[in-house]
Amino acid sequence: MSTESVAVTGPASLRRAFALQLRVLHALLMRELITRFGRENLGVLWMAGEPMLFTLGVATLWTLAGLVHHASSIPVVAFAVTGYSSVLMWRNSASRVASALEQNKQLLFHRNVRTIDVFLTRIILEIGGATCSFIVLASFFMFIGWMPMPVDLLKVVTGWVMLAWFGTSLALAIGAGTAFSHVIERLWHPTAYLLFPMSGAAFMVDWLPKGLQKTVLVLPMVHGIEILREGWFGNVVPTHYDLGYMAACCLVLTLGGLYLIHEAGRRVEI
Amino acid sequence: MLSIEHVSKAYSTRHGRHKVLDDVSFQLERGGHIGILGRNGAGKSTLIRLIAGAERPTSGVIRRGMSVSWPLAFGGAFQTHLTGLDNLKFVCRVYGVDYRPRIPFVEQFTELGKYFREPVARYSHGMLTRLAFALSMAIEFDCFLIDEAMVVGDARFHERCHYELFDKRRDRAFILVTHDANVIKTYCRNACVLHEGQLLAFPSVDAAYDFYLATLKENPVIVEQ
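Below is a summary of the structure that appears in this document. (Residues numbered from 1 in each chain as written. Chains lettered and ligands numbered in written order. Predicted model: local features only at pLDDT ≥ 70, side-chain atom pairs only at ≥ 80, totals over all residues.)

## Side note on the overall build of chain B
On a plain count of helices and strands, chain B comes out with seven helices and nine strands. Each principal axis of the C-alpha atoms in chain B carries an extent, and together these give about 50 × 35 × 35 Å. Of all 225 residues assigned to chain B, the portion counted as buried reaches 42%. Residue pairs at least 24 apart in sequence account for 70% of intrachain contacts in chain B once pairs closer than 6 positions are excluded. (Helix = DSSP H or I, 4+ residues; strand = E, 2+ residues; numbered from the N terminus. Buried ≥ 20, exposed ≤ 12 C-beta atoms within 10 Å, placed from the backbone. Contact = placed C-beta atoms within 7 Å.)

## So, the sheet that holds strand S1 (residues 2-13) of chain B
All names here are of chain B. Spatially, three strands are ordered S2-S1-S4 in an open sheet, and the strand pairing comes out antiparallel. For this open sheet the edge positions go to strand S2 (16-28) and strand S4 (59-64), each flanked by a neighbour on one side alone. Direction aside, the axes of adjacent strands within the sheet are offset by 25° on average. The pairing of S1 with S2 spans nine bridges and is antiparallel. Bridged to Thr13 within S2 is Gly16. (Pairing = 2+ DSSP bridges. Axes fitted to C-alpha atoms, helices over the stretch in contact; angles between N-to-C directions.)

## Here we look at helix H5 (residues 115-143) of chain A
With 29 residues, H5(A) should reach 42 Å at 1.5 Å per residue; the first-to-last C-alpha distance of 42 Å fits that figure. Directly after H5(A), the chain includes Gly145(A), whose backbone phi takes a positive value near 85°. (Expected span 1.5 Å × (residues − 1).)

## Details of the nonpolar core
Of all hydrophobic cores here, the largest spans 135 residues; its most connected members are Val81(A), Phe119(A), Phe166(A), Ile51(B), Leu145(B) and Ile175(B). At 14 residues, helix H6 (residues 153-180) of chain A tops the list of elements feeding residues into this core. When neighbours within four sequence positions are excluded, Leu145(B) is seen to be in contact with Ile48(B), Ile51(B), Ala52(B), Val68(B), Ser69(B), Pro71(B), Leu72(B) and Ile175(B). (Core = buried A, V, L, I, M, F, W, Y, C linked by C-beta atoms within 7 Å.)

## Some words on the packing of H6(A) against helix H7 (residues 183-195) of chain A
All names here are of chain A. H7 packs onto H6 with a crossing angle of 140° between their chain directions and a minimal axis gap of 7 Å. When the axes of H6 and H7 are compared, the pair comes out oblique. Contact with H6, carried on its side by Ile174, Gly177 and Thr178, involves Ile184, Glu185 and Trp188 of H7 and no other residues of that element. Split by residue class, the contact of H6 with H7 holds three nonpolar, two polar and one charged. (Parallel < 35°, antiparallel > 145°, perpendicular 65-115°, else oblique. Nonpolar A, V, L, I, M, F, W, Y, C, P; charged D, E, K, R; others polar.)

## Some remarks on the environment of Leu153(A)
All names here are of chain A. By secondary structure assignment, the location of Leu153 is in helix H6. Note on Leu153: 11 C-beta atoms within 10 Å, which makes it exposed. Measuring from C-alpha to C-alpha, the distance between Leu153 and Gly231 comes to 6.3 Å, with 78 residues separating the pair along the chain.

## Regarding the pairing of strand S7 (residues 173-178) of chain B
Residues and elements named next belong to chain B. Counting buried positions along S7 gives six out of six residues, so the element sits mostly inside the fold. By the alternation rule, side chains of S7 split into Ala173, Ile175 and Val177 and Phe174, Leu176 and Thr178, which are all buried. Here strand S3 (residues 33-37) pairs with S7 via five bridges, running parallel. Of the residues in S7, the one forming a bridge with Leu37 is Thr178. One ladder, built from five bridges, connects strand S6 (residues 143-147) with S7; its direction is parallel.

## Here's the deal with the sheet that holds strand S9 (residues 198-201) of chain B
Residues and elements named next belong to chain B. If you walk across this open sheet you meet the six strands as S5-S6-S7-S3-S8-S9, and the pairing is mixed. At either margin of the open sheet sits one strand with a lone partner, and together these are strand S5 (68-71) and S9. For this sheet, the mean inter-axis angle between neighbouring strands, taken without regard to orientation, is 20°. Two strands pair when backbone bridges link them, and S3 and strand S8 (residues 190-195) are joined in this way by four bridges, in the parallel orientation. The residue of S8 that forms the bridge with Leu37 is Val193.

## Details of the interface of chain A and chain B
Contacts between the two partners involve 31 residues from chain A and, on the opposite side, 33 residues from chain B. By residue number, the principal contributor to the side of chain A that touches chain B is helix H1 (residues 14-37) of chain A, which donates seven residues. A class-by-class count of the residues in the side of chain A that touches chain B yields 13 nonpolar, twelve polar and six charged.

## Quick notes on unusual backbone geometry
Residue and element names in this part refer to chain B. Despite not being glycine, Asp23 has its phi angle at roughly 55°, a positive value. Relative to the helices and strands, Asp23 is located in strand S2. Unusually for a residue other than glycine, Glu196 sits at a positive phi of about 50°. In this structure, Glu196 sits in the loop between S8 and S9. By C-beta crowding, Glu196 is classed as exposed, having 12 other C-beta atoms within 10 Å.

## What about helix H9 (residues 220-233) of chain A?
All names here are of chain A. Spanning 14 residues, H9 covers 21 Å between terminal C-alpha atoms, matching the ideal 20 Å at 1.5 Å per step. Along H9, 14 of the 14 residues are buried, which leaves the element largely enclosed by surrounding structure. Positive phi shows up at Gly234, right after H9, with a value of about 70°.

## Notes on the packing of H6(A) against H9(A)
Residue and element names in this part refer to chain A. It is at 7 Å that the axes of H6 and H9 come closest, and there the two elements cross at 160°. When the interaxial angle is binned, H6 and H9 end up roughly antiparallel. By crossing handedness, the relation of H6 to H9 is classed as left-handed. In this structure, H6 uses Lys155, Val156, Thr158, Gly159, Trp160, Met162, Leu163 and Phe166 to contact H9, whose residues at the interface are Pro220, Met221, Gly224, Ile227, Leu228, Glu230, Gly231 and Trp232. Tallied by class, residues from the contact of H6 with H9 come to ten nonpolar, four polar and two charged. (Left-handed = near helix turned anticlockwise from the far one by under 90°.)

## Overview of the environment of Leu163(A)
Residues and elements named next belong to chain A. With respect to the secondary-structure elements, Leu163 resides in helix H6. You can call Leu163 buried: it has 28 C-beta atoms within 10 Å. Taking the C-alpha atoms as reference points, Leu163 and His223, separated by 60 residues in sequence, lie 8.9 Å from one another.

Take a look at the structure:
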């Protein structure tokens, strides 16, 4: 056994702080993966398997319900895969982060582990899982011809990255909130439930009456889904979005979330 | 050098703020040993949590010029789905050391046998305590935080813990929190008593222990012995 002691974690250079953060995130990710998915049967593959099952279920339901607008030429499965995958991006990370602190408080006894690391771990897992699920399902449905090839891949990626940013910033804000009050977690779940039908997953903004379009476009994720679908399906349906507005919302949530998490660190009681 | 400067900690309760620590200051040199006595509820665990960095003080500063351990033998962060080995890997990753050379020591000390590679959920209480202690020893810190109450086990286990800690790591600093004056007398040159939120220093361990005994008699109703 080596006897040299671990490095003092005093004021560190930015590079050392970054290396430390990566190390802690790696440790937390490995821990969380085994905790959530175990080693039995599919193990870590459930990270993508779980969201895939959800998306397939929703795609089936929407097909049976004939959800797609009658004037649209978008195949319903393609519509469901793009729509529900987007929901996974913002809803699941926030929901997982909402309970993260309560379940992982004891980890803070390791001084290197900070509240933000606990949150980031769950965000990375959720967004990673949703992304894998989306790629696998979209590839499969393109292969069997139920989904067209994307018209503008760069725009698809832009939409996806924006949704990932929104999911991250929302999760940070919700997570910070739970450090101040447990009420936030209770409020988040009904809010997420109510936001789902308004999030643009199940409709194109253009299908709505003019008055309602403005209201719905207040929600940042609607813009992300519109970008994603414009990239995938081209100009089959006119789209409505404002990349700048979505970015501004994400920026405010990110900065607000980071500030609140910093403040919360002083309040956490174990 | 570890430096605790004017540290206070208050918690909010339903009946307003409750001050647990009130302007506590002390310093610990590299290799220095300090014992802290205090009856139940005196704020010993709070002080340990603050020094460990798990919670922040309400006011005051804690400067760590050396690496400080998490509270020794603390097993609360064990994830029950993880095996003993997984938990070793976890702490090694967090502290940036290689886990492989540490496996033999942990296996030998914990005497877990094949259970080392079984989920912690299947461990007995004794197995958990041994694992928690071994993991604390697997990372080499400059200063160990020891809450004696956490290291519960039979005489043999105590003996092995004391050997690992006080013989093999005699050169390290430690802060020892306990009810047991004998442990402090054996291993510490300095002793303090935590009383009503204040940390009181004494010229000798005996003087500290006499004062500690007196505080026990003050209000015997809430004292558990």
